[in-house]
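Residue strings, one per chain:
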Protein chains: 2
Amino acid sequence: MVAEAPWRAIARRKQAERQSKIPSAWLLQTPPSPSTLDVRAVPRTSGILNSSELSITEDHDATSLADAIRSRTFTAEAIITAFCKRAAIAQQVCNCLTEIFFDQAIERAKFLDKEYERTGKTLGPLHGVPVSLKDSFDVSGYDSSIGIASLTGKPATKNALLVDILLEQGAVVYCKTNIPQTLMALDSDNNVFGRVLNPRNKLATAGGSSGGEGALVAMRGSVLGVGTDVGGSIRIPAMCGGLYGIKPSAQRIPYVGQQNGTRKGASKIGLPASAGPIAVSLRDCELFLNTVSNAKPWERDPSVAYGLWSEQGSIQRKPLLGVIREDGVITPLPPISKVLDETVQGLRKSGLEVVEIDAPAFKKCQSLANKFFGIDGGNHMFDLLEATQEPLTAWLSTRLRRGKPISLDRLVEIHAQKVELETEMLKIWKDPKTGRQIDAFICPVAPHPVPPIDRWNGVSYTSSFVLLDYPAGTLPIRDFKEEDLKGELSDSKPLGSWDKINRELWDERTIDRKVYLDTRLSVQVAAPKLQERRLYQAMSLIESTLRTGLVGRPKL
Amino acid sequence: MVAEAPWRAIARRKQAERQSKIPSAWLLQTPPSPSTLDVRAVPRTSGILNSSELSITEDHDATSLADAIRSRTFTAEAIITAFCKRAAIAQQVCNCLTEIFFDQAIERAKFLDKEYERTGKTLGPLHGVPVSLKDSFDVSGYDSSIGIASLTGKPATKNALLVDILLEQGAVVYCKTNIPQTLMALDSDNNVFGRVLNPRNKLATAGGSSGGEGALVAMRGSVLGVGTDVGGSIRIPAMCGGLYGIKPSAQRIPYVGQQNGTRKGASKIGLPASAGPIAVSLRDCELFLNTVSNAKPWERDPSVAYGLWSEQGSIQRKPLLGVIREDGVITPLPPISKVLDETVQGLRKSGLEVVEIDAPAFKKCQSLANKFFGIDGGNHMFDLLEATQEPLTAWLSTRLRRGKPISLDRLVEIHAQKVELETEMLKIWKDPKTGRQIDAFICPVAPHPVPPIDRWNGVSYTSSFVLLDYPAGTLPIRDFKEEDLKGELSDSKPLGSWDKINRELWDERTIDRKVYLDTRLSVQVAAPKLQERRLYQAMSLIESTLRTGLVGRPKL
């Protein structure tokens, strides 16, 4: 008899432990039938949340929750209790959590309420606001296993710096969220915790790598989650959940104190990842970025650049936006081109200038980003997996294998290519016709709508802005409608293998397009490096212009 | 008969070409006698500059020259002519120049005068201000050979970005300045152009690697020079010249468009160098940094971080300074400790708070910096030298040899060590007693006064702030006096080999201390990463407090 591989028992133990952290009163009496694809209504019908708790979790964003605590409309305890319940339900229907610390969170909320009662002052702008965290962030006393069996049973001995900062500003952390094995897949599935499902449509992917975060926030088991992004891992799950998500520049938000399956120091010679928010409103993204930057994280993490929120750029008095319709690697499918065009037309109709950007260098970004991702040959990750005989997931098994680390000469060479490409891309920030500065540009998040499980194709539209280190965000525009199912593929020759696979996501012989119903269409907005406030202002400008039909200055 | 090595003919040709660029009317009729050690008076006695030209070059800094042009007191032409003459003399007595373009500079000054006449507007804050450049900066039409024979005869086809920015802001560039072979020595000597001499005392070193710049500015053949620094190469020659010099953080001032004998991309995996000013006044350093940052260099160089001058930090309303008296690698010699203590006492007497900083991690910085300097084994540099059979200079020949590039694993390891050390060092920015923020700290530039030629010892006090990427500047305090010759070495055991050699610079058996007369004593000031304005304000505060005895807010 062949002995069972060690990772299996570990996975059973971790899953049982997770389940044990959900109070029995919060267990669903009647789980939704397997044929229910959209599970977002489950909390409302479960009977677990009372009407006040339903309102807290459904009618608010983080900003209004913080306001409600300040105005004594709700206590922090009432708020976190509601979100713990809802997160518990989200876990039962979407498998979006990894570590659960509801008890501790409720204790903390009580403490915050007492402090506010006693001093009349809040700890900070996040006083009492529930914040969920991607599994990679260290929280003292809990594993940061990122779904790798050999990393379980090693609880962190201190918090990640970002966690400490959020706590100092009054946040209440209550759970960590599920991710893909290796963090380098676009579906959040791993051997220890299993797969995250998309609550809007269980047949559609929840995205990754911050996929548990996206699903939890889409369930409103959280209104403000923290993810990380090195190829699209905040923006993709935000799109899958129909949410807002911002990937800052790498030097902006403290990243230290995370487990990401690489060796310490590795990010310094490759492409560093960023931490950022996934949220139910754009202003909550601002709340997060503003609060963290004004806590002066550069005084505690040497990898963070100096710069208060007010020192992170701004859009011009007379704003000018750009649009990049295609990246030259994968042609967007009809609904993606359509929503992008609608957005541009909507803005133009309101009198906002949007110029077409020609970015011939864009198409070189993805392949160069891939060279960076392959620097160390994945050896550290494979060592971690093999320590408990853990296999790659099905999706990764055909895409990842151990390689040799590249040579120092080759590393210098790809860095030189990167500088050259970055320099070439700087040109896109001026309108070639007038020489005017472009404040931000709009482009797709992905060349396809939210696809079925394990069929996310190509990250060229997201990984490029990791290579270039541009802050970039996902801005949901509208629901996918019946009429969006129309639209035909170009009959031109595919641009390449990625483009070819992409067409399979629209070709009715290879997909049932109906999977796209219930998903949401989004656009991506990007601004120049280290100008997060400029990005936020541009996103806010776009959203308010589309909503009101008037070009307004965003709240600055 | 052995054929002559190719580099020799190249050196003769370059030196003859350089000499030919000096108009015969500007050649010294009677060069100073070899026994004249301080040659700073030569321009005054040469008869080459008229009284107005002597006043222009001796009684002004860049700021007042710019003012004088705006107020029409002087023309740009008169100013650049005076500086070209003085630079020509400086070259004849100090060997500080490499490339000379006086004619072109005078033509440009005439153009600037006409433009100002015609439009009533200046091009920018540097309108008509002469700026000299370290040889490494590309200037279209001229070599950037950095004293390496194989790099001569390859004139640049475009300007370095920084040169373009300076020109756009109105500067007049007129010459490039001499450097050490490999740029990694502390005396500026090379086979092509020869050795730079210190105009204050020809027996003392002029420092390096921006040694020509330091000597030229000390001769007032320039008031504002641009150097680069990856181990002390701005701050050391500034100290040797008794001048002001600021090394910004690496991402602050555009560095692109320079020849520095390394492969493109290499700086991205190692320690990047910074460009910065060497000047006759502190406010000129501000003029330079302010002007360049406000020209938004990040829009043209992707390696520059976003941040206007006003977004580069500031000191607190009630400032708090720190002092680090020793780095734990080399104990400062008596006059260095003395001037540091005088500075601290002077500030305290005026009511400015200066706290003692305990920085146990400081001593680890130099050895880690050295690991970074050795990443590529110097192979590219050796290839360049061997192409014309050029030998190392005497000083370098015992210190440099071809090595093997380190492995990728090892590279990741030293980057992890760097992050750890950076994190540890962040602690020094809080006063441990009160928790208050320290705005900037004072420490030595070097553990010894300006030493004799080829005897600079150890760069631990300067290279550490390259490793940590702190902006840091040299602030001249006062002339070295007879009474400073006193003071005895500690009889404790040396801290290590660097410390042992350092003592030889004070032990009367191994040095004639009189060499230190005529030099100047300086201190170094450092601020946290990417806070150049905070550094400038702190330096300005220190200078004005010492001068006036009153703690004033610097001009902000």
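In the block above lies the structure referred to throughout.
How each quantity is defined
- Residues numbered from 1 in each chain as written.
- Chains lettered and ligands numbered in written order.
- Predicted model: local features only at pLDDT ≥ 70, side-chain atom pairs only at ≥ 80, totals over all residues.
- Heavy atoms only, no water.
- Phe/Tyr/Trp six-rings, centres within 6.5 Å; stacked < 30°, edge-to-face > 60°.
- Helix = DSSP H or I, 4+ residues; strand = E, 2+ residues; numbered from the N terminus.
- Buried < 20%, exposed > 50% of the residue type's maximum accessible area, 1.4 Å probe, protein only.
- Lys NZ or Arg CZ within 6 Å of the ring centre and 35° of its normal.
- Pairing = 2+ DSSP bridges.
- Axes fitted to C-alpha atoms, helices over the stretch in contact; angles between N-to-C directions.
- Contact = heavy atoms within 4.5 Å.
- Salt bridge = Lys/Arg side-chain N within 4 Å of Asp/Glu carboxyl O.

Q: I'm lost on the packing of aromatic side chains in this one. Help?
A: Aromatic ring pairs: the centre-centre distance and the angle between the two ring planes describe each pair. All names here are of chain A. Per the stated rule, a full pass over the model turns up 24 aromatic pairs over all chains. Relative to Tyr461, the ring of Phe362 lies with its centre 6.2 Å away and its plane at 80°, an arrangement referred to as edge-to-face. With Phe362 in helix α12 (residues 362-373) and Tyr461 in helix α16 (residues 460-467), the pair connects residues that are 99 residues apart, well separated along the chain. Each member of the pair, Phe362 as well as Tyr461, carries the same accessibility label: buried. Ring pairing ties together the aromatic residues Phe362, Trp429, Phe441, Tyr461, Phe465 and Tyr470, which thus form one cluster. Seen from the ring of Tyr116, Arg72 lies directly overhead, with NZ or CZ sitting 4.3 Å from the centre.

Q: Before we go on, may I ask you to explain the sheet that holds strand β12 (residues 472-479) of chain A in this structure?
A: Strand-to-strand pairing in sheets goes through backbone hydrogen bonds, with the strands running parallel or antiparallel. Residue and element names in this part refer to chain A. The 11 strands are arranged β1-β3-β2-β6-β8-β7-β12-β13-β11-β9-β10 in an open sheet whose pairing can be described as mixed. Two strands in the sheet have a free side with no partner beyond their single neighbour: β1 (97-100) and β10 (353-356). Put simply, the sheet's adjacent strands are angled 30° from each other on average, direction ignored. Both β1 and strand β3 (residues 172-177) contribute to a ladder of 2 bridges, which runs antiparallel. Residue pairing across strands places Ile100 opposite Cys175, the latter belonging to β3. Packed onto the sheet, helix α6 (residues 102-119) meets β1 and β3 and runs at close to 160° relative to β3.

Q: It is not clear to me how the pattern of salt bridges should be interpreted in this structure. Could you clarify?
A: Any two side chains of opposite charge can pair, given that their charged atoms come close. Inspection of the entire model under this criterion finds 82 salt bridges over all chains. For Glu53 of chain B, the salt bridge is made with Lys85 of chain B, and the minimal N-O distance between the two is 2.9 Å. Placement of the pair is Glu53 of chain B in helix α3 (residues 51-58) and Lys85 of chain B in helix α5 (residues 76-94), with a sequence separation of 32 residues. With respect to class, Glu53 of chain B is no different from Lys85 of chain B; both count as buried. A salt bridge links Lys364 of chain B to Glu424 of chain B; its shortest N-O distance comes to 3.1 Å. In this pair, Lys364 of chain B sits in helix α12 (residues 362-373) while Glu424 of chain B sits in helix α15 (residues 408-425), placing the two residues 60 residues apart along the sequence. Each of Lys14, Glu17, Glu99 and Asp143 of chain A takes part in a single network of salt bridges with overlapping partners.

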